[in-house]
Each structure stands twice: as structure tokens, then as C-alpha cells.
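# Results of the structural survey
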Amino acid sequence: MRTLLSILILFVSLSLSLSCRNSSDVEPESKSSLIPSNDFNFETFDCDDCTYIVTDYKTDGKELNIEPGDIICLDSKVAYDRLLFSNINGTEANPVIIRNCNGQAIIQATKPGGISFEYSSHFKLLGDGGGSNYGIKVTTNTGFYVLMRTFSNQFEIAHLEVAGNNDGFAGIGLKTSPYEDCELFEDPARPWTMTDIIIRNNYVHNVNGEGLYIGHGFHAGWTGNSCPNVVYPHVIKRLKVFSNIIENTGYDGMQIKNGDEDIEIYDNYIFNYGTRAENGQNEGVLIGGPMTGLFYNNVIIKGTGNGLRMLNIGGNNDVYNNIIMESGKSGIRVDGGNEFDLIFDNPYLNFFNNHIINSGEYGFVIFDKRDAVRRFKNNLVINASDQLIAIGSQIDAIDTSHNIATQDLNFVKFKNLDSYEFELLPDSPGIDAGTNVSNFGVDIDIMRRPRPSGASFDVGAFENQ
């Protein structure tokens, strides 16, 4: 009898403990040493130190005389429904800060959208006010969870938890749609550009659409978007997306389009993408439009589509030190057509030191027949259902060397793939088997350790120390 009573007490205690968990206790579903910790131990920000505390649906900076450097707060004690911020404008030197105070603030929207911004610039949306590493938590049943729309620009989003229940749409969206000003976007010169964006240290999970939805497609213009004539989407310049954890997305883990200058995507962790298995919407990361920039030190594991798909990109892209595993389709797929010209005089695509493992179709495949220099070096391509490395028949040339491509998982000698430990053992054939690509800007590994540490570069994302 005493034993039964003890078991009942233990069961009740565990149940209460679990029911009282908040998002500060939430951990990513996948366990790996490569997941960004995002553990900053923020001190609790006192609501008395705020310039203004949000209480209503709409916060209008003009009406409230919000000035550069002001701090707008979301109070942990207020039960927020959806929120709209309008005309929140700081300066580059003194941005307006929007943060939580007195603990974690929760936005639980009952109408479309969680948090939206319009006509705003030079601001930061930060969940750094204490109570959790993600001090602002956003949920919604429909629409975007967080959306930067209607000419919002020059902003930073950090330490948010976007917590879906496999509903709503995309987790964090950044785009001004052409229908918001048809006449402006009918100009092919693209008179408005989204610039200077930072998306970092966020946790986005269990959303029905994309984890991150950044920019528009249809760079060459299109009709049918509630505008009478052809419209041209804005481009993005100076974008950094890093240290985000993205799990269990219905569509792409991350979609980025029309970023034509200084784009950096790094240190992100994406797990279990494309759960709705809708073809063309189920990539780990989709990069499209005239993209140029760096894609490095990212981990993409388990999904129904391609791990990384590059579609109609503009050239000058460096893809290195990434781990792509268990993709339902190809690990890396590169497509290109004649939708628009390459945006550089001497374009290139570099793929260096990537792990591509257990691909459902090809390991690496390229169909982009446009004129560009293509290099594929120091990559580990292991176990694919189709060819390990496939080159489209209309492609003139691709510079491949110092790769290890094998269907034998045991040949390379990983530390422990079952627990996502991707380091090479000291006797791996990949040690010192690469070529030096430091002249292309690659001089670190996925752990940011210097390359090379031995006689030459190691093959794959890790450099044995």
C-alpha cells in the first residue's frame, strides 16, 4: 500500500512539474552539440524603465511621440492578443527598442497574425528582458506569427520563440508585398529596397508554413498579385541570419529570395522540415532569385525535400562547412534557367567542405546551365539513393576535386552518426585529404577552428585538431 501511494505521489509531482514548464525549459527536439545554445541568462528588465508599455492592439509611434532610443515594452503581466506596431522609427545610432519586461511576454493571437510591423525603421524586437532565453513568445492559429511588412526596414529580431501547434503560417516573415503599393512596384528599377536586417538567436518550431520567409520570388516580374500590371518585388541588401533554431516546419525550414548584396546565412540549425511533404515547398533551405553571399556552418537534418535548393540564383555564392543529412530528396540541388541574367560579370558558385549524408535522391546535383565558374571541392558525399554527384548534361564544366564520394557509411569513419556527432576519427581517410581553399575565404571549420591544422585541409565540415 505504501509503495502504491509513493508511486501516486511521484506521478502527481511529475505531472505538476511538466504542466508548469514554460518556454525557458523548452529544448530543441533534436539533440546535437551543433545546436546554438542561445543561453544568455538575461537579467529581468524592470517595466519602470520603459518609455511606453503596450496595452492595446495598435502602437503608433507618431501618435505616441516615440523617439529614437525609446524603449517600448511588452509586460509579462499583460495577456496580449495580436499586436500591430506602426511608425516606429529610430535612427541608426539610436534605434527604438521593443522588449519584454518583468519576465517573459506572451502574445497569443486569436485573429490572423501575432506581431506585425508597418512603416517602421531602425528598431529592434528583442526578447532579452528576462524570464527566458526567448523573452517574447508568439503563437497564432492563422497567418504569420511575426511579420515585417509595409516598408518596414533596418531592423533586428532576436530571442523570440515562435511556438506553433502545427498551425498558423510562416514563423517570421520579412517582405513588403507589391499589392501594398502597386504603382511603386510597377517600376522595374525597384525604387524601394529592404536593407540592414539581422535575424538571430530565435527558436521557431511547429509552424504550418515556412520557419523563416524572407523576401519575394518572381524577380523578373509577375501579374496576378492584386495589381493590374506587372510588378517587380523589392530586393534585399545586407541581411544576416544566424544562430536560429528551426524545427518541425510544414513547408521550407527557411526561404530566402531576391537578396542581391551582402547576404550571410550561418550557424543555423534546421531539423524536420517539410512535414506536409508538398513538392516545391518542402526544402530545408530554399535560396532563390539573384542571391549572392555566404551560406556556411549551417546544419540541416531530416526532411521530405532537398536539404539545400538554390533556384535561379544570380552567382557569386559560397557554400561551405554545412552539414546536410537525411534529406528526402537531394542533399544539395542547384537549378537555373533564363529567368534573368546573372548579376555579376564573372559569376561563380563555390561548394567547399560540406557534409552531405543519406540523401533520398542525389547527393549533389546541378542543372544550372548558365555561364558561371563552378567549384565543388573537399566535400563528403555519403550514401545517396541515386548518384552521389550528378552534373547536368548541358553544363559546360564544373571544377571538382578532393571530394570523398561513397555509398559506404563506414568508410569515412565518423565519430557517431546515430547521435549526430559528425567529426572524423583520427584514422579517417578524410584527414588531410582536401585541397587548400583559403584563397576563396574558407579558413575555419564548422566549429570556427582554423584550417588547416595538419598537412592539408580535411575533407568535410570539421577540421581534426
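All of these numbers come straight from a predicted model, not from anything done at the bench. (Residues numbered from 1 in each chain as written. Predicted model: local features only at pLDDT ≥ 70, side-chain atom pairs only at ≥ 80, totals over all residues. Heavy atoms only, no water.)

### Side note on the confidence of the model for the chain
When pLDDT is low, close inspection of the predicted coordinates is not appropriate. Per-residue confidence for the chain gives a mean pLDDT of 90; residues scoring 70 or more make up 92%. For the stretch residues 1-24, pLDDT sits under 50, and the model shows 8 contacts to residues farther than four places along the chain or on other chains. (pLDDT = per-residue confidence, 0-100. Contact = heavy atoms within 4.5 Å.)

### Quick look at the packing of aromatic side chains
Overall, the coordinates contain 21 aromatic pairs when judged by the stated rule. Residues F117 and F123 carry aromatic rings whose centres are separated by 4.5 Å and whose planes lie at 5 degrees to one another, so their mutual orientation is stacked. Of the two residues, F117 and F123, both sit in the buried class. Taken together, a centroid distance of 5.2 Å and an interplanar angle of 90 degrees make the contact between F144 and F169 edge-to-face. Taken together, the residues span a long stretch of sequence, with F144 in the loop between β9 (136-140) and β10 (146-148) and F169 in the loop between β12 (160-167) and β13 (172-174) at a distance of 25 residues. (Phe/Tyr/Trp six-rings, centres within 6.5 Å; stacked < 30°, edge-to-face > 60°. Buried < 20%, exposed > 50% of the residue type's maximum accessible area, 1.4 Å probe, protein only. Helix = DSSP H or I, 4+ residues; strand = E, 2+ residues; numbered from the N terminus.)

### Some remarks on the environment of F155
Inspection of the secondary structure puts F155 in strand β11 (residues 153-158). Residue classification places F155 among the buried positions, given a relative accessible area of 2%. Between the C-alpha atoms of F155 and N312, which are 157 residues apart in sequence, the distance is 27 Å. Once residues lying within four places of it in the same chain are set aside, the contact partners of F155 are F123, M148, L174, D196, I197, I198 and I199.

### Examining the pairing of strand β14 (residues 194-200)
The element β14 is extensively covered by neighbouring structure, given that 5 of its 7 residues are classed as buried. Bridge count for β11 against β14 is 3 bridges, and the pairing is parallel. Bridging from a neighbouring strand, I157 pairs with I199 of β14. Here 6 bridges tie β14 to strand β17 (residues 236-242), and the two strands are oriented parallel to one another. Counterpart to I199 in the pairing with β17 is V241. (Pairing = 2+ DSSP bridges.)

### Quick word on the nonpolar core
Of all hydrophobic cores here, the largest spans 74 residues; its most connected members are F85, I157 and L174. Apart from residues lying up to four places away in sequence, L174 is in contact with M148, F155, I157, M194, I197, I199, Y213, I214 and G215. Counting residues in each nonpolar core, the second largest holds 25 residues, with M325, L380, L417 and Y420 among its members. (Core = buried A, V, L, I, M, F, W, Y, C linked by side-chain atoms within 4.5 Å.)

### Brief notes about the pairing of strand β26 (residues 317-320)
Of the two faces of β26, the one holding N317 and V319 and the one holding D318 and Y320 are both buried throughout. Pairing of strand β23 (residues 293-296) with β26, which is carried by 4 bridges, proceeds in the parallel orientation. Directly across from F295, in β26, lies its bridge partner V319. Two elements, β26 and strand β29 (residues 348-352), share 4 bridges in a ladder whose sense is parallel.

### Quick look at the side chain of E247
Along the chain, E247 falls in strand β18 (residues 245-249). Once residues lying within four places of it in the same chain are set aside, the contact partners of E247 are P28, E29, S30, Y203, V204, H205, N206, F271 and N272.

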